[in-house]
Amino acid sequence: MRQVVYELATAVGQLARRGETNLQNSQKTAKKVLQNITRESSAVGSQQRQSLRNTSSTSTPKRSFRSGLLVAASAVAALSYSRMSSDQVQCQGGWWVPSSASHLEEAERQVFDAVKADVELSFVELENGLRVRTMVVNRGKYPGVEPLVLVHGFAAAIGTWAKNIDDLSNTRTVYAMDQVGFGRSDRPEFSTDAAEAEDEFVENIEQWRVKMELNSFVLLGHSLGGFISTAYALKYPQYVKHLIVAEPWGFPPKPEEGTRWEREAPIRYRMITYLSGKMNPLSILRGVGPFGKILLQC
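Residues numbered from 1 in each chain as written. Predicted model: local features only at pLDDT ≥ 70, side-chain atom pairs only at ≥ 80, totals over all residues. Heavy atoms only, no water.

Caption draft 1: Seen up close, the sheet that holds strand β5 (residues 217–222). Pairing is mixed across the open sheet formed by 6 strands, whose spatial order is β1-β2-β4-β3-β5-β6. Of all strands in the sheet, those with a lone pairing partner are β1 (119–125) and β6 (240–246), marking the two edges. Across the sheet, the mean angle separating the axes of adjacent strands is 20° when strand polarity is ignored. Examined bridge by bridge, strand β3 (residues 148–151) and β5 share 4 bridges and lie parallel to one another. Residue pairing in the sheet places Val-149 in a bridge with Leu-219 of β5. Relative to the sheet, helix α9 (residues 224–235) contacts β3, β5 and β6, its axis offset from that of β5 by approximately 145°. (Pairing = 2+ DSSP bridges. Helix = DSSP H or I, 4+ residues; strand = E, 2+ residues; numbered from the N terminus. Axes fitted to C-alpha atoms, helices over the stretch in contact; angles between N-to-C directions. Contact = heavy atoms within 4.5 Å.)

Here's what the structure looks like:
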């Protein structure tokens, strides 16, 4: 495993350093490493299942060590990727980062093909120049009834609501948007200050509300969307008829050093927590490119 991880980190570092001209020529090397990683991960998975059967007292440290090495290698890959220019990444045609605007567009189309209600999808430009992907369901069908506005959670988009739209729109018009930074909406740089970033999310929703001419509505937020919806309702209560939060995400106080978590949590989780505080966790997944699926399965 140590050798495979070393090959991964080395190969990704080379991809980042060689520049645009030789990135394409390095695909064979990276694909070979990917095959080695896949074989190694399968072997590790088999060993983990066997160790669970045998309940070996030494299996947990070994699993944690292997997982920790893979996470560390992924971090190296992400940091190497972060040094590449956007032109260098785009020249791969979606090979290194297997996603693009066209992929998102096609995924969105497939998701909403199953919806029976009258769905309108468009981009709404805010006063600050950002574009927000917006969904309106059954526009104007229920005059006099407060519409429902949906706010999705972290790493999600309006497609999150696809299986609920038909039921939710039975009695009122439904609005939803890809929050700025997610889905097909624009992805600007947010402040690194938590309070300022929260306010940026809230103000983007407010600018979107103005553009949509919504003066009274029911606001429903899920996960991180629940947190942001609550922050919005606190700042602009005059527009929110009712607030609904589903599995709302909050941020508890940071635990002191030496807590039970730091003593007993598996090393892979502690490493992920540490890295998440240094960079956007989604940047890690984008940075490791085709190795992202393996990282998620780690």
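Back to the text.
Caption draft 2: Summary view of unusual backbone geometry. One non-glycine residue, Ser-223, lies in positive phi territory at about 55°. Relative to the helices and strands, Ser-223 resides in the loop between β5 and α9. Not every positive phi belongs to a glycine, and Glu-247 is a case in point at roughly 45°. For Glu-247, the location among the structural elements is in the loop between β6 and α10 (260–264). Residue class for Glu-247 comes out exposed when judged on its relative accessible area of 65%. (Buried < 20%, exposed > 50% of the residue type's maximum accessible area, 1.4 Å probe, protein only.)

Caption draft 3: Expanded view of α9. If you check α9, its first and last C-alpha atoms are 17 Å apart, about what 12 residues at 1.5 Å a residue would give, namely 16 Å. Those residues of α9 that fall on the buried side of the exposure criterion are Leu-224, Gly-225, Gly-226, Ile-228, Ser-229, Ala-231, Tyr-232 and Ala-233. (Expected span 1.5 Å × (residues − 1).)

Caption draft 4: Representation of the side chain of Thr-173. Along the chain, Thr-173 falls in the loop between α7 (165–168) and β4 (174–177). Separated by 2.8 Å, the side chain of Thr-173 and the backbone oxygen of Asn-138 make a polar contact. (Polar contact = N/O pair within 3.5 Å; in protein donor to acceptor, adjacent residues only side chain to side chain.)

Caption draft 5: Geometry of the side chain of His-152. Structurally, the position occupied by His-152 is in the loop between β3 and α7. Exposure remark for His-152: the relative accessible area of 0% places this residue in the buried category.

Caption draft 6: Examining the nonpolar core more closely. Judged by nonpolar contacts, the single largest core of 27 residues is most densely connected at Val-149, Trp-208, Phe-217 and Tyr-232. Counting only elements with at least two residues in this core, the list comes to β2 (131–137), β3, β4, α8 (194–212), β5 and α9. Once residues lying within four places of it in the same chain are set aside, the contact partners of Trp-208 are Val-124, Leu-126, Val-132, Thr-134, Val-149, Tyr-175, Ala-176, Met-177 and Leu-214. Residues Phe-112, Met-135, Val-137 and Ala-176 belong to the second largest nonpolar core, which totals 15 residues. (Core = buried A, V, L, I, M, F, W, Y, C linked by side-chain atoms within 4.5 Å.)

Caption draft 7: Quick peek at the packing of aromatic side chains. Scanning the model with the defined rule gives 7 aromatic pairs in all. A centroid spacing of 5.2 Å and a plane angle of 35° characterise the contact between Tyr-232 and Tyr-236, whose relative ring orientation is tilted. Clustering of aromatic rings is evident, with ring pairs tying together Phe-217, Tyr-232, Tyr-236 and Tyr-239. Against the face of Phe-123 rests Arg-133, its NZ or CZ located 4.6 Å from the ring centre. The positively charged end of Arg-209 is found above the aromatic ring belonging to Tyr-239, 3.5 Å away from the centroid. (Phe/Tyr/Trp six-rings, centres within 6.5 Å; stacked < 30°, edge-to-face > 60°. Lys NZ or Arg CZ within 6 Å of the ring centre and 35° of its normal.)

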